[in-house]
Amino acid sequence: MENQLKLVAKSYDRHFIEYGNKDAPSYDNLPDYITNDPDYSLYRTELETGSGGSECISIKDYLSPRRNMNFIDLGCCLNLMLKGYDEWPSTYYGVDISKETILLLNEFVNKNSLAIGDLYHGSIHETPYEDNYFDIGACIGVLEYYEKDFVEKVIIEAHRILKPNGKLVLDIPNIKSPTGRIMMLIEEYLGRPEKFSLSPQEFESMLQDYFEIEKTNRTDNESEVMGFGYYLRCKK
Ligand SMILES: C[S@@+](CC[C@H](N)C(=O)[O-])C[C@H]1O[C@@H](n2cnc3c(N)ncnc32)[C@H](O)[C@@H]1O
């Protein structure tokens, strides 16, 4: 697990050193074995027409951020800078394993004199926050990098820091879909292989002691989409 955390951090650090504050992966330089894959165009279409990232409006709609609410963004990337999270009325806390990400965010916060809660450089499975501190949280595009044991630790940590009845939105990859397979090829090429291996049913049974699933896009046709989103209520 330590090695995987280092690989993921290194890959995102390298990305931000090379591309500055642009968070989309560069598709210009992908190798032929990926771009010539018969499912690659399907992947691009889903990426361009889908709404899977942290910008997805249904995340904000579900979390309903308000003043005096603490919001935790687990694996925050540059959401505060690029995805409009700086305009949420709640107080922003971001955690990311990439040091370069946190450096860029700190510059952005200082330059714009933003009032936020905190930015923490570290892993989401061990955060420095008190029990029951957050009203709402999100963990989007992160669990895909990790094996079962780590995923379970993240669920337990998110449960610990959220208030009773707090809301959490997270997603997991659909490892059975053709577009999920292309995403895995790309992430591996970028030096951060995806290790997630749970079926949605296994993931849901892992959640059940900690969160109630209020909404999900998970269907029984597992080949349909690249990933599944879960809108959760903290059980305490
Ligand atoms: C694919 S990006 C997702 C960005 C954003 N949440 C979105 O969906 O648009 C993954 C982010 O999670 C961070 N990350 C990955 N593993 C992490 C971990 N164990 N702890 C904290 N951050 C992590 C990466 O550094 C990166 O910024």
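Anything mentioned here points back to the structure above.
Note that this is a predicted model, so its numbers are computed, not measured.

**Student:** It is not clear to me how the overall build of the protein chain should be interpreted in this structure. Could you clarify?
**Tutor:** From N to C terminus, the protein chain includes nine helices and seven strands. Burial statistics for the protein chain: of 236 residues in total, 36% are counted as buried. Counting only contacts in the protein chain whose residues sit at least 6 apart along the sequence, the fraction spanning at least 24 positions is 73%.

**Student:** For this particular structure, what's the right way to read the sheet that holds strand E1 (residues 70-74)?
**Tutor:** Strand pairing within a sheet occurs via backbone hydrogen bonds; the two strands may be parallel or antiparallel. Ordered by their spatial adjacency, seven strands build an open sheet running E3-E2-E1-E4-E5-E7-E6, and the pairing between neighbours is mixed. Of all the strands in the sheet, the pair left with one neighbour each is strand E3 (118-121) and strand E6 (211-216). Sheet twist, expressed as the mean angle between neighbouring strand axes with direction ignored, is 20°. Relative to E3, strand E2 (residues 91-96) runs parallel, the two being bridged by four bridges. Within the sheet, the bridge partner assigned to Val-95 lies in E3 and is Tyr-120. Strand contacts of helix H9 (residues 200-207): strand E5 (162-173), E6 and strand E7 (227-234), with the helix running at about 140° to E6, the strand carrying the most contacts.

**Student:** What should I look at first to understand helix H7 (residues 148-161) in this one?
**Tutor:** Given 3.6 residues per helical turn, the α-helix brings residues three or four places apart onto the same face. With 14 residues, H7 extends 20 Å from end C-alpha to end C-alpha; this agrees with the ideal 20 Å at 1.5 Å per step. Those residues of H7 that sit buried are Val-151, Val-154, Ile-155, Ala-158 and Ile-161. Looking down the long axis of H7, one finds its buried residues gathered within 140° of arc, a one-sided arrangement. Along its buried surface, H7 packs onto E1, strand E4 (134-139), E5 and H9.

**Student:** Just to check I follow, could you spell out the packing of helix H3 (residues 40-49) against helix H8 (residues 178-189) for this structure?
**Tutor:** The relative placement of two packed helices is expressed as an angle between their axes plus a distance between the axes. Contact geometry of H3 with H8 gives a least axis separation of 9 Å together with a crossing angle of 95°. Of the possible angle classes, the one that applies to H3 and H8 is roughly perpendicular. Residue-level inspection shows Tyr-40, Leu-42, Tyr-43 and Glu-46 of H3 in contact with H8, the latter providing Pro-178, Thr-179, Ile-182 and Met-183. In the contact of H3 with H8, the residues fall into six nonpolar, one polar and one charged.

**Student:** Just checking my understanding: could you explain unusual backbone geometry for this structure?
**Tutor:** Trans is the common state for peptide bonds, and a negative phi is the common state for residues other than glycine. The backbone of Asn-68 shows a phi angle near 70°, a positive value even though the residue is not glycine. As for its position among the elements, Asn-68 is in the loop between helix H4 (57-63) and E1. In the Ramachandran plot, Ser-113 falls in the positive-phi region, its phi being about 45° despite a non-glycine side chain. Along the polypeptide, Ser-113 turns up in the loop between helix H6 (99-111) and E3.

**Student:** I'm lost on the nonpolar core in this one. Help?
**Tutor:** For soluble globular proteins, nonpolar side chains are generally found buried alongside one another. Judged by nonpolar contacts, the single largest core of 50 residues is most densely connected at Leu-74, Cys-139, Leu-143, Ala-158, Leu-168, Val-169 and Leu-170. Apart from the residues within four sequence positions on either side, Leu-143 is in contact with Val-151, Val-154, Leu-170, Ile-172 and Phe-196.

**Student:** Is there a simple way to explain the environment of Leu-198 in this structure?
**Tutor:** Positionally, Leu-198 belongs in the loop between H8 and H9. Taking the C-beta count within 10 Å as the criterion, Leu-198 has 19 such neighbours and is therefore assigned partly exposed. For the pair Leu-198 and Asn-174, spaced 24 residues apart in sequence, the C-alpha separation works out to 9.0 Å. Excluding anything up to four places from it in sequence, Leu-198 contacts Lys-148, Val-151 and Phe-203.

Criteria and cut-off values
Residues numbered from 1 in each chain as written. Predicted model: local features only at pLDDT ≥ 70, side-chain atom pairs only at ≥ 80, totals over all residues. Helix = DSSP H or I, 4+ residues; strand = E, 2+ residues; numbered from the N terminus. Buried ≥ 20, exposed ≤ 12 C-beta atoms within 10 Å, placed from the backbone. Contact = placed C-beta atoms within 7 Å. Pairing = 2+ DSSP bridges. Axes fitted to C-alpha atoms, helices over the stretch in contact; angles between N-to-C directions. Expected span 1.5 Å × (residues − 1). Arc of directions from axis to C-beta. Parallel < 35°, antiparallel > 145°, perpendicular 65-115°, else oblique. Nonpolar A, V, L, I, M, F, W, Y, C, P; charged D, E, K, R; others polar. Core = buried A, V, L, I, M, F, W, Y, C linked by C-beta atoms within 7 Å.

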